Structures are given as structure tokens and as C-alpha cells.
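# Working through the structure, step by step
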Amino acid sequence: MTVRILCDFDGTVTTQDNIIALMQAFAPASDFEPLKQGVLDRTLSIQSGVGQMFALLPSDGKASYLDFLLERAVIRDGFSELLQYSRRQDIDFSIVSGGMDFFVEPILAPFLEQERIYCNVANFDGPFVHIDWPHACDTHCTNGCGCCKTSVARTLRKDGDVIIVIGDSVTDFELAKQADRVYARDYLITLCEENDIAYTPFETFHDIVHDLTRAEVTT
């Protein structure tokens with residue numbers, strides 16, 4: 001048996017949602033806000049909504065987008081400690097993110113190997129940013145997730161494995177439905193409560209390490 005932690009990135013590892021921050025700074029609000037609301041209320045699929053959001057951004061702004069996010073990225077307290085705990089306990093830790101490679105990987109570089117990161121790919125070759133979806137939904141999912149966290153979980157999971165999900169928003173909801181243990185904050189708490197999904201709230205990763213230690217979650 002392997003214990004696997006699948007952890008969100010935007011708004012979870014980082015204290016702010018990087019996509020929302022990027023759009024608020026660089027995209028026209030009149031175009032971006034309806035797309036954001038559509039994703040949140042699930043009238044738009046995540047893949048469709050996020051794809052349309054990034055299509056609002058000119059590709060020649062890549063350096064400015066990255067500089068903006070790197071300057072503002074704040075890692076939630078206790079992240080290094082959770083990684084250390086996972087290594088000590090032989091827990092398999094992966095980031096599964098609806099974010100984009102051009103900012104997720106540089107922000108996480110001091111903490112985690114690139115092969116432990118599952119995210120979308122931003123293509124800057126055209127006039128506007130185009131998103132590629134290397135971890136799109138498999139045949140078991142028809143939700144248009146973009147980075148389909150349940151598909152990634154199915155790829156990684158072996159019989160008997162324990163899946164622990166850490167997240168904060170609608171992009172984590174489908175995986176939370178299937179997880180053995182859920183750590184939630186912000187909008188994911190609302191979704192869990194509305195759908196009778198058991199969860200443990202957290203503010204910092206210290207909270208999660210404390211709870212895992214108390215629960216003696218080990219391989």
C-alpha cells in the first residue's frame with residue numbers, strides 16, 4: 001500500500017490564486033469576470049473557461065506575466081515541512097494543478113522535482129496564449145477538467161493505495177469525491193459541505209502535518 005498526496009497549487013501551495021491574480025492584472029475585466037463566474041458555478045467547464053481566459057492574454061507579455069507572478073508568489077506556511085514529513089513517512093507527494101507550466105514549475109523549483117508536477121502547458125507561439133492539456137480527462141471523466149485530477153489519480157493509483165487530497169476550489173472537487181482523505185480550505189469547503197464530503201479544514205500545511213501525525217497516516 002502506498003499513501004499518495006495529491007496537492008493543488010494555486011491558492012493552496014501559494015496563498016493566492018495565480019490565474020485569478022494574472023487575469024485581474026492583465027485581462028479586460030469585462031471579458032474575464034464572466035468566465036471566472038462560469039467556472040465557479042460550473043456552467044462552464046474548467047478547460048473551456050480557463051482556455052478562454054488565457055486567450056485574452058497577448059503572447060508577447062510572457063516575461064511580464066512571469067515576473068508579476070514570481071514577485072507576488074507567497075508559499076503557504078509549512079509547505080517545506082509537509083514535504084519533509086512525506087519523505088520521512090515514504091508518502092508519495094505530487095502537485096496536480098490546473099495552473100500553467102510557465103509559472104508553476106519555476107515557483108516550485110526550490111521545493112520539488114519537475115516530474116512530481118502535473119499541470120497544463122501554456123503555448124506562446126501565436127498572437128494570444130493557447131493552452132495545451134497534457135493531462136486532459138480520460139474515458140472515465142467527461143467534465144472537461146483541463147488538468148483532470150481524477151485521471152491523474154487513476155494513472156498513479158495502485159490497488160490498496162490511499163489517496164489524500166489537498167485543495168481549495170472547484171478544480172479539486174471531483175477528486176475530493178473519490179479521495180480517502182480531504183484537506184480543504186476556501187471554496188472547496190463549501191462544495192464539500194454542500195455534497196456531504198468529509199473533510200478536514202486547514203489554514204497552513206502545519207495543520208495538515210499535525211493531523212497526519214495524529215492520525216498515524218503512514219505507508
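The paragraphs below set out a description of the structure included in this document. This one's a predicted model, so the numbers in the text were calculated from it and none came from an experiment.

The next thing to look at is the sheet that holds strand β7 (residues 200-201). Taken together, the 7 strands give an open sheet; going across it, the order is β4-β3-β2-β1-β5-β6-β7, and neighbouring strands pair in mixed fashion. Edge positions in the sheet fall to β4 (130-132) and β7, since each of these pairs with one other strand and no more. Where strand β1 (residues 3-7) lies against strand β2 (residues 92-100), 4 bridges are found, and the strand directions are parallel. The partner of R4 across the bridge, within β2, is D92. Those strands touched by helix α7 (residues 149-156) are β1, β2 and β3 (117-123), and its axis lies near 150 degrees from that of β2. Contacts between helix α10 (residues 205-215) and the sheet are confined to β1, β5 (162-167), β6 (181-184) and β7, with β6 contributing the most and set at about 155 degrees to the helix.

Let's shift gears to the packing of aromatic side chains. Overall, the coordinates contain 8 aromatic pairs when judged by the stated rule. Judged by centre distance (4.9 Å) and plane angle (75 degrees), the rings of F26 and Y65 are edge-to-face. Taken together, the positions of F26 in helix α1 (residues 18-26) and Y65 in helix α4 (residues 62-72) put the pair 39 residues apart, joining distant regions of the chain. Residue Y65 is classed as buried on the basis of its relative accessible area of 4%. Aromatic rings pair up to connect F79, F93, F111, F202 and F205 into one cluster.

To continue, consider unusual backbone geometry. The phi torsion at D90 lies on the positive side, around 60 degrees, for a residue other than glycine. Not every positive phi belongs to a glycine, and D196 is a case in point at roughly 55 degrees. Within the secondary structure, D196 sits in the loop between α9 (187-194) and β7.

This part is about the nonpolar core. With 71 residues, the main nonpolar core has F54 and I95 as its most contacted residues. With sequence-adjacent residues up to four places away left out, I95 is seen in contact with C7, D8, F9, V13, F79, L108, L112, R116, I117 and Y118.

On to the state of the cysteines. Applying the stated criterion to the full structure yields 0 disulfides. Unpaired in this structure, C119 has its nearest cysteine sulfur neighbour in C147, at a distance of 7.1 Å. Judged by relative accessible area, C119 falls into the buried class, the value being 5%. We note that C145 lacks a disulfide partner, and the nearest cysteine sulfur, in C141, lies 3.7 Å from it. The exposure class assigned to C145 is buried, which follows from its relative accessible area of 11%.

Quick look at the pairing of β2 now. Working note: regular strand, side chains alternate between the two faces of the sheet. Where burial is concerned, most of β2 is hidden: 9 out of the 9 residues are buried. Judged by which residues are buried, β2 turns out to be covered on both faces: D92, S94, V96, G98 and M100 on one side and F93, I95, S97 and G99 on the other are all buried. Once you follow β2 into helix α6 (residues 101-108) and on to β3, the crossover reads as right-handed.

Within the secondary structure, D10 sits in the loop between β1 and α1. Despite being buried, D10 has no salt bridge partner; K149 is the closest side chain of opposite charge, sitting 7.9 Å away. A distance of 2.6 Å separates the side chain of D10 from the side chain of N18, its partner in a polar contact. Leave out the neighbours within four places in its chain, and D10 touches Q16, D17, N18, I19, S97, G99, F103 and D168.

The rules behind each value
- Residues numbered from 1 in each chain as written.
- Predicted model: local features only at pLDDT ≥ 70, side-chain atom pairs only at ≥ 80, totals over all residues.
- Heavy atoms only, no water.
- Pairing = 2+ DSSP bridges.
- Helix = DSSP H or I, 4+ residues; strand = E, 2+ residues; numbered from the N terminus.
- Contact = heavy atoms within 4.5 Å.
- Axes fitted to C-alpha atoms, helices over the stretch in contact; angles between N-to-C directions.
- Phe/Tyr/Trp six-rings, centres within 6.5 Å; stacked < 30°, edge-to-face > 60°.
- Buried < 20%, exposed > 50% of the residue type's maximum accessible area, 1.4 Å probe, protein only.
- Core = buried A, V, L, I, M, F, W, Y, C linked by side-chain atoms within 4.5 Å.
- Disulfide = S-S within 2.5 Å.
- Right-handed = clockwise from strand over helix to strand, strands pointing away.
- Lys, Arg positive; Asp, Glu negative; His and termini not counted.
- Salt bridge = Lys/Arg side-chain N within 4 Å of Asp/Glu carboxyl O.
- Polar contact = N/O pair within 3.5 Å; in protein donor to acceptor, adjacent residues only side chain to side chain.

Purely spatial values, then, with no claim about function.
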